[in-house]
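# Overview (structure and organization)
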Amino acid sequence: MAQLNFAKSFDLEGKWDRAETEYKFLIDNYAGTNEAFGAYLYLIETYKRLGRTAEANQWYQRAEQDFAQIAATKAGEPEEGLAMVYTAELYRIQQEWEKAAGVLSRVYDKFPSTDPGRRALVTAATIYREKLNNTSKADSLMQVLREAMLQSAS
């Protein structure tokens, strides 16, 4: 968190070159943390906004690879779910709705009894309903969640 705040402070001061260095340091040295995952997304969105499309694309590719590697090496652990959720967010910012919803559904499949797993399924259903116009898929995902919650309550 301290490294992220350090990067943000330079960013807020308008010292982008230094902030960029600090965000990259965060990614390289604190891989697998919420802060590092978020830094990838922030760099991608910032490069896009600055018109630096090639760099945005390079960071997108790196993020996709790194997120997949973290998910694989931390299989079954909370870090796997976190990497998957950020992968879905990566797809969302690229408007790759099918991919995002698919990853979120898999998060639920792997972590059905956790709050992040349940939130992932709700988000997947929202994407199917609002972005993919697939209300039947959205309804079926919500039905899966309802049934699971009823079973856990009894």
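I will try to describe carefully the structure that is included in this document. Along each chain, the written sequence defines residue order, and numbers are assigned to residues from 1. Confidence filtering applies because this is a predicted model: local features only for residues at pLDDT of at least 70, side-chain atom pairs given and counted only at 80 or more, and all residues used for totals across whole chains, interfaces and linings. Side-chain measures here rest on the full set of heavy atoms in the structure, leaving out hydrogens and waters.

Turning to the packing of aromatic side chains, a few remarks are in order. Any Phe, Tyr or Trp ring, taking Trp's six-membered ring, that has another such ring centre within 6.5 Å forms a pair; planes under 30 degrees apart are called stacked, those over 60 apart edge-to-face, and the others tilted. In the structure shown here, the tally under the stated rule is 10 aromatic pairs. Seen from their ring centres, Phe-6 and Phe-10 are 5.0 Å apart, and the 80° between their planes marks the pair as edge-to-face. On the criterion of helical spacing, the pair formed by Phe-6 and Phe-10 is a turn pair, its members being 4 residues apart in helix α1 (residues 2-12). Note on Phe-10: relative accessible area 12%, which makes it buried. Taken together, a centroid distance of 5.1 Å and an interplanar angle of 45° make the contact between Tyr-23 and Tyr-42 tilted. Taken as a pair, Tyr-23 in helix α2 (residues 16-29) and Tyr-42 in helix α3 (residues 34-49) lie far apart in primary sequence, 19 residues in all. A 1.4 Å probe rolled over the protein chains alone gives each residue an accessible area, and that area as a share of the maximum for its type sets the label: buried under 20%, exposed over 50%, partly exposed in between. Taking the relative accessible area as the measure of exposure, Tyr-23 reaches 3% and is therefore buried. Secondary structure elements are defined from DSSP: runs of H or I of at least 4 residues count as helices, runs of E of at least 2 residues count as strands, and each element is numbered from the N terminus.

Compared with the 20 Å implied by 1.5 Å per residue over 14 residues, the 20 Å span of α2 between its first and last C-alpha is a close match. Residues of α2 that are buried sit in contact with α1, α3 and α4 (53-73). One fewer than the residue count of a helix, multiplied by 1.5 Å, yields its expected span. Note on contacts: a residue pair qualifies if any of its non-hydrogen atoms lie within 4.5 Å across the two residues.

Moving on, we get to the nonpolar core. A general feature of soluble globular proteins is that nonpolar side chains tend to end up buried together. Think of a nonpolar core as a cluster: buried Ala, Val, Leu, Ile, Met, Phe, Trp, Tyr and Cys residues, connected wherever their side-chain atoms sit within 4.5 Å. If you look at the biggest cluster of nonpolar residues, it comprises 46 residues, and the most contacted ones within it are Tyr-23, Leu-43, Ile-44, Trp-59, Phe-67 and Leu-90. Sequence-distant contacts of Trp-59, defined by excluding residues within four places in its chain, comprise Lys-24, Ile-27, Tyr-40, Leu-43, Ile-44 and Tyr-47.

Here we come to the pattern of salt bridges. One speaks of a salt bridge when a side-chain nitrogen belonging to Lys or Arg is within 4 Å of a carboxyl oxygen belonging to Asp or Glu. Taken as a whole and assessed by the stated rule, the structure comprises 12 salt bridges. Across the salt bridge formed by Glu-55 and Arg-52, the nearest N and O atoms sit 2.5 Å from each other. By relative accessible area, which is 26% here, Arg-52 ends up partly exposed. Through salt bridges with shared partners, a single ionic network connects Glu-20, Lys-24, Arg-52 and Glu-55.

Limitation: the analysis is restricted to geometry and does not speak to function.
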